[in-house]
Amino acid sequence: MGYLSKLMPKLELGRATALQDCRRLTVVAPSAYLLGGVQTWLDYLVPGLEASGWQVTVLLAHGANGDANSYLQKHPFARAHLAESPTGTREGRVRALCEAIRMLAPEVVLAVNIVDTYEAVARLHHGGGAPKVAMALHGLHSSFYQDIAAYSAVLDGVIVTNRLGAAAAVARGGLPDGRVHYAPCGVLVPDFSVPAETSDKLALLYAGRFDAREKRVLDLLPILRALDRAGLNFSLKLAGAGPAETDLRNALLEFGERVQFLGFLSDAQMRETFYCPGAVALVMSPSETGPLAAWEAMANGVALVSSRFVGIGLEGGLRDGENCLTFPVGDTEAAAAAIARLADPALRRSLAKAGYEVVRECYSREASIRTWDGALRQIAGQQPLPACPVFRPAPTSGRLDRYLGIGAAESLRRFLGLRFRHSEPGGEWPHSYGADNDQHFGRLLADMDQRGDRADQIHDSCKI
């Protein structure tokens with residue numbers, strides 16, 4: 001097998017015969033990140049699709065910056081395969097994926113943040129019997145939509161977790177409506193009634209990545225200071241980790257024991273010790289495709305105060321004054337004022353109850369699995385796209401490419417055992433080939449989201 005690993009010894013290969021009538025799906029995913037929303041999504045989606053009649057193999061991008069074997073210890077999928085570029089070049093990655101996909105012979109390939117997948121499937125088209133290929137789109141970054149436009153000739157479908165993202169895939173990515181599918185992520189929804197509580201203390205919660213730009217966690221400092229000035233009795237518990245953790249810890253030192261950093265908590269620990277009756281969860285992000293942190297809090301009977309992030313409008317899941325309270329992104333005084341309103345226990349309970357119901361109806365794991373299954377089956381049943389050329393030539397990786405050409409240079413590198421070393425996961429296995437500096441795209445998204453802010457159509461957002 002060479003640089004492609006053999007199937008993991010623990011895999012139940014004997015089940016292949018029993019599953020031969022199942023539809024075959026290969027999910028191509030990175031292995032560099034052990035924790036996060038995408039990882040949680042795959043953890044429930046893969047077994048859920050298996051139960052829905054798919055035979056799912058997770059094809060993990062393996063390398064020096066992402067150990068797929070370590071990933072599988074944390075996320076032990078029933079069927080897994082590893083792909084590794086022996087040379088560290090783009091050509092090496094594409095060849096690795098071609099060989100793995102050809103061997104696994106799926107009907108559908110679902111690419112999760114591994115952009116080389118599309119070129120690999122385009123090459124397989126020329127050999128006959130290529131699978132359908134779809135992009136799983138979890139973000140609103142302009143780079144992903146540039147990839148959609150660049151690879152529109154090979155993409156059989158894009159499955160988007162947010163309705164604004166779906167609209168952008170048509171408007172900016174250039175795909176026809178029939179190849180864009182909406183399938184939200186879901187959370188575990190316990191079966192319980194939101195309990196009554198009468199405390200006037202504000203038990204604030206933040207769960208997720210500690211990131212200053214994408215999550216605006218440093219806004220917590222002015223928010224808490226505003227609550228302090230208003231004389232409100234509050235505490236704050238934080239669960240998670242991230243690049244801004246040190247800055248955040250230092251910023252919140254002034255609040256002493258009122259602020260607790262709990263680190264990473266398991267799902268069971270979150271349910272048992274983090275979420276509590278009467279608590280208030282905070283979201284401050286500038287853009288989101290969920291957010292899962294909001295759905296999880298609401299599923300556990302917690303009231304939500306959220307920024308009006310890009311992605312909130314067209315999705316329709318969060319409605320100010322009905323199942324949450326919202327404030328403009330970055331307006332920490334408005335955020336504090338919204339939180340202060342929830343010193344009223346009756347309002348907290350009312351919002352928590354309405355939030356629980358919308359998540360139970362629209363954003364449960366069962367609903368998510370059902371919609372992803374439906375989208376994948378639609379893609380599998382479509383007419384094949386015409387075979388397209390390998391339309392985006394790989395950039396040269398060194399002198400051998402310039403002297404011999406990319407194909408011959410790659411073969412020589414393999415023969416000689418030459419390998420490029422990458423300093424970070426995004427270089428070794430890129431998520432995208434686009435750029436994230438398109439300010440016009442950000443304005444386009446915000447305008448589309450505002451035009452689609454239809455609070456009276458929340459139930460439509462649950463209809464797939």
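The structure we're discussing is the one just above.
Residues numbered from 1 in each chain as written. Predicted model: local features only at pLDDT ≥ 70, side-chain atom pairs only at ≥ 80, totals over all residues. Heavy atoms only, no water.

Chemist: Help me understand the pattern of salt bridges, please; the structure alone is not making it clear to me.
Modeler: Between side chains of opposite charge, a pair can form as their charged atoms come close. Under the criterion given, the structure shown has 21 salt bridges. The shortest N-O distance in the salt bridge between R93 and D116 comes to 2.6 Å. One end of the pair, R93, is in helix α4 (residues 90-104); the other, D116, is in helix α5 (residues 116-125), and 23 residues separate them in sequence. D116 gets classed as buried once you look at its relative accessible area, which sits at 0%. Between R209 and D211 there is a salt bridge whose closest N-O contact spans 3.9 Å. Relative accessible area serves as the criterion here: at 35%, R209 is assigned to the partly exposed category. Salt bridges linked by common partners bring R90, E91, R93, R95, D116, E119 and R123 together as one network. (Salt bridge = Lys/Arg side-chain N within 4 Å of Asp/Glu carboxyl O. Helix = DSSP H or I, 4+ residues; strand = E, 2+ residues; numbered from the N terminus. Buried < 20%, exposed > 50% of the residue type's maximum accessible area, 1.4 Å probe, protein only.)

Chemist: Please clarify how the pairing of strand β2 (residues 54-61) should be interpreted in this entry.
Modeler: Within a regular beta strand, the side chains point alternately toward one face of the sheet and then the other, so they alternate between its two faces. In terms of residue burial, β2 counts as a mostly covered element, since eight of its eight residues are buried. Burial of β2 is two-sided: the residues W54, V56, V58 and L60 facing one way and the residues Q55, T57, L59 and A61 facing the other way are all buried. Regarding topology, helix α2 (residues 37-51) serves as the crossover connection from strand β1 (residues 23-30) to the parallel β2, and that connection is right-handed. Alignment of β2 against strand β3 (residues 80-83), held across four bridges, turns out to be parallel. The residue of β3 that forms the bridge with A61 is A83. Once you follow β2 into helix α3 (residues 68-74) and on to β3, the crossover reads as right-handed. (Right-handed = clockwise from strand over helix to strand, strands pointing away. Pairing = 2+ DSSP bridges.)

Chemist: Got a minute to help me understand the packing of aromatic side chains in this structure?
Modeler: Within a pair of aromatic rings, the relevant descriptors are the distance that separates the centres and the angle that separates the planes. Tallied over the entire structure, the rule returns eight aromatic pairs. Ring centres of Y206 and F210 lie 6.0 Å apart, and the angle between their planes is 35°; this geometry places the pair in the tilted category. You can call Y206 buried: its relative accessible area is 4%. Linked through ring pairs, Y206, F210 and F261 together constitute an aromatic cluster. (Phe/Tyr/Trp six-rings, centres within 6.5 Å; stacked < 30°, edge-to-face > 60°.)

Chemist: Even after reading the chapter, I still don't get the side chain of R93, so can you show me in this structure?
Modeler: Using a relative accessible area of 4% as the deciding quantity, one classes R93 as buried. When neighbours within four sequence positions are excluded, R93 is seen to be in contact with S85, G88, D116, G427, E428, W429, P430 and Y433. (Contact = heavy atoms within 4.5 Å.)

Chemist: Looking at this structure, I do not really get the environment of T89. What am I missing?
Modeler: Locating T89 in the fold gives a position in the loop between β3 and α4. Residues T89 and E410, 321 residues apart in the sequence, show an inter-C-alpha distance of 8.0 Å. Engagement of the side chain of T89 in a polar contact is seen with the side chain of T87, the distance being 2.9 Å. (Polar contact = N/O pair within 3.5 Å; in protein donor to acceptor, adjacent residues only side chain to side chain.)

Chemist: For this particular structure, what's the right way to read the pairing of strand β12 (residues 303-307)?
Modeler: Counting buried positions along β12 gives five out of five residues, so the element sits mostly inside the fold. Residues A303, V305 and S307 of β12 are buried on one face, and the alternating residues L304 and S306, pointing to the opposite face, are buried as well. In the sheet, strand β11 (residues 280-283) pairs with β12 via four bridges, with the strands oriented parallel. Its bridge partner being in β12, V283 is matched across the sheet by S306. In terms of handedness, the path from β11 via helix α11 (residues 292-299) over to β12 forms a crossover that is right-handed.

Chemist: For this particular structure, what's the right way to read the environment of T26?
Modeler: Mapped onto the secondary structure, T26 falls in strand β1. A relative accessible area of 1% places T26 in the buried class. For T26 and V58, which are 32 residues apart along the polypeptide, the C-alpha to C-alpha distance reads 5.8 Å. In this structure T26 touches T57, L59, L104, P106, V108, V109 and L110, once residues within four positions along its chain are discounted.

Chemist: What is the right way to look at the sheet that holds β11 in this model?
Modeler: If you trace the six strands from one edge of the open sheet to the other, you get β10-β9-β8-β11-β12-β13, paired in parallel fashion. A strand with exactly one partner marks an edge of an open sheet, and here the two such strands are β10 (259-261) and β13 (325-327). On average, adjacent strands in this sheet sit at an angle of 20° to one another, irrespective of strand direction. Across three bridges, the pairing between β12 and β13 is parallel. Across the sheet, the residue bridging to S307 is F327, located in β13. Sitting on the sheet, helix α10 (residues 267-274) is in contact with β8 (202-209) and β9 (234-241), with an inclination near 175° to β9. Contacts from helix α14 (residues 345-362) reach β8, β11, β12 and β13, with the element oriented near 80° to β12. (Axes fitted to C-alpha atoms, helices over the stretch in contact; angles between N-to-C directions.)

Chemist: Help me understand the packing of α2 against helix α15 (residues 365-381), please; the structure alone is not making it clear to me.
Modeler: Think of two packed helices as two axes; the pair is described by the angle between the axes and how far apart they sit. Where α2 contacts α15, the axes come no closer than 10 Å and their chain directions differ by 65°. Of the possible angle classes, the one that applies to α2 and α15 is roughly perpendicular. The crossing of α2 and α15 is right-handed. The segment α2 lies against α15, with T40, W41, Y44, L45, G48 and L49 engaging R365, S368, I369, W372, D373 and L376. Split into classes, the residues belonging to the contact of α2 with α15 amount to seven nonpolar, three polar and two charged. (Parallel < 35°, antiparallel > 145°, perpendicular 65-115°, else oblique. Left-handed = near helix turned anticlockwise from the far one by under 90°. Nonpolar A, V, L, I, M, F, W, Y, C, P; charged D, E, K, R; others polar.)

Chemist: Is there a simple way to explain the nonpolar core in this structure?
Modeler: Grouped burial of nonpolar side chains is what soluble globular proteins tend to show. In this structure, L25, W41, L110, W295 and V359 are the most contacted members of the largest nonpolar core, which totals 67 residues. The element that contributes the greatest number of residues to this core is α2, accounting for seven residues. Setting aside its immediate chain neighbours within four residues, V359 contacts V187, V189, W295, M298, A299 and S364. Listed in part, the 41 residues of the second largest apolar core include A61, L97, Y118 and A169. (Core = buried A, V, L, I, M, F, W, Y, C linked by side-chain atoms within 4.5 Å.)

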